[in-house]
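Secondary and tertiary structure notes
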Amino acid sequence: VQLQASGGGLVQAGGSLRLSCAASTRAFSAYAMGWFRQAPGKERDFVAAINWSGISTYYADSVKGRFTISRDNAKNTVYLQMNGLKPEDTAVYYCSAEKNRGEKVTLTSTSVEYWGKGTQVTVSS
């Protein structure tokens, strides 16, 4: 499975960006999807995840209420809508996939099966 993320860029604090991740698989609905991010000199951290049907979503405490993850199984695409961006959101954002048809998702950096190449998000103060 190949994952292609897009939508990153430079935005002022308080602004919004929408990341997209297109998956090259006909079995997209068999996968839980997620987003992680990695700032320079830091570990890759979990941001958000969504189960195969889109019913269950999970967020890191640092982004709750500001970010929204969603998916369109007909388009093999997962999205991350980021509002109220802060300078501390600056990082490379990675799309991820894990084969899982359950309602619950426990996505960690070690359980992920496929990673996208990442897209840079920079938030200026």
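Notes on the structure in this doc start here. A quick note: this is a predicted structure, and the numbers were derived from the prediction, not measured.

Glancing now at the overall build of the protein. Assigned secondary structure in the protein consists of 0 helices and 11 strands. The secondary structure elements of the protein, listed N-terminal to C-terminal, are β-β-β-β-β-β-β-β-β-β-β. Buried positions account for 43% of the 125 residues belonging to the protein. Charge separation in the protein, taken as the distance between the mean sites of 14 positive and 9 negative side-chain charges, equals 6 Å.

Another point: the environment of tyrosine 114. Within the fold, tyrosine 114 resides in strand β10 (residues 114-115). For tyrosine 114, a relative accessible area of 27% corresponds to the partly exposed category. C-alpha of tyrosine 114 to C-alpha of glutamate 98: the two residues are 16 residues apart in sequence and 6.8 Å apart in space. Not counting residues within four places of it along the chain, the set of residues in contact with tyrosine 114 comprises Val1, Leu3, Tyr31, Cys95, Ser96 and Ala97.

Here we come to the state of the cysteines. Applying the stated criterion to the full structure yields 1 disulfide. Paired through a disulfide, cysteine 21 and cysteine 95 show a sulfur-sulfur distance of 2.1 Å. Since a negative S-S torsion denotes a left-handed disulfide, the cysteine 21-cysteine 95 link at about -85° is left-handed. Of this pair, cysteine 21 sits in strand β3 (residues 17-23) while cysteine 95 sits in strand β9 (residues 91-99), and the two are 74 residues apart along the sequence. By the burial criterion, cysteine 21 is buried, and cysteine 95 matches it.

This part takes up the nonpolar core. Judged by nonpolar contacts, the single largest core of 29 residues is most densely connected at Met33, Trp35, Val78, Leu80, Met82 and Tyr93. Elements represented by at least two residues in this core include exactly β1 (3-6), β3, β4 (31-38), β5 (44-50), β7 (67-72), β8 (77-82), β9 and β11 (119-124). Apart from residues lying up to four places away in sequence, methionine 33 is in contact with Leu3, Phe28, Ala48, Ala49, Ile50, Ile69, Arg71, Val78, Cys95, Ser96, Ala97 and Leu107. Core analysis: the next-biggest nonpolar cluster, separate from the first, contains 6 residues, Ala32, Ala49, Leu107 and Val112 among them.

What the 4 strands build is an open sheet, ordered β1-β3-β8-β7; its pairing is antiparallel. Since the sheet does not close on itself, it has two edges, and those belong to β1 and β7, each with one partner. Shown here is a sheet whose adjacent strand axes are inclined to one another by a mean of 15°, direction ignored. The pairing of β3 with β8 spans 6 bridges and is antiparallel. Within β8, the position partnered with alanine 22 by the bridge is threonine 77.

Glancing now at the pairing of β5. Inspection of the sheet shows β4 paired to β5 by 6 bridges, in the antiparallel sense. Note that in β5 the partner of phenylalanine 36 across the bridge is phenylalanine 46. Strand direction decides the pairing type here: β5 and strand β6 (residues 57-59), joined by 3 bridges, are antiparallel. When the sheet's bridge partners are listed, isoleucine 50 is paired in β6 with threonine 57.

So, how was this worked out
Residues numbered from 1 in each chain as written. Predicted model: local features only at pLDDT ≥ 70, side-chain atom pairs only at ≥ 80, totals over all residues. Heavy atoms only, no water. Helix = DSSP H or I, 4+ residues; strand = E, 2+ residues; numbered from the N terminus. Buried < 20%, exposed > 50% of the residue type's maximum accessible area, 1.4 Å probe, protein only. Lys, Arg positive; Asp, Glu negative; His and termini not counted. Charge placed at Lys NZ, Arg CZ, Asp CG, Glu CD. Contact = heavy atoms within 4.5 Å. Disulfide = S-S within 2.5 Å. Core = buried A, V, L, I, M, F, W, Y, C linked by side-chain atoms within 4.5 Å. Pairing = 2+ DSSP bridges. Axes fitted to C-alpha atoms, helices over the stretch in contact; angles between N-to-C directions.

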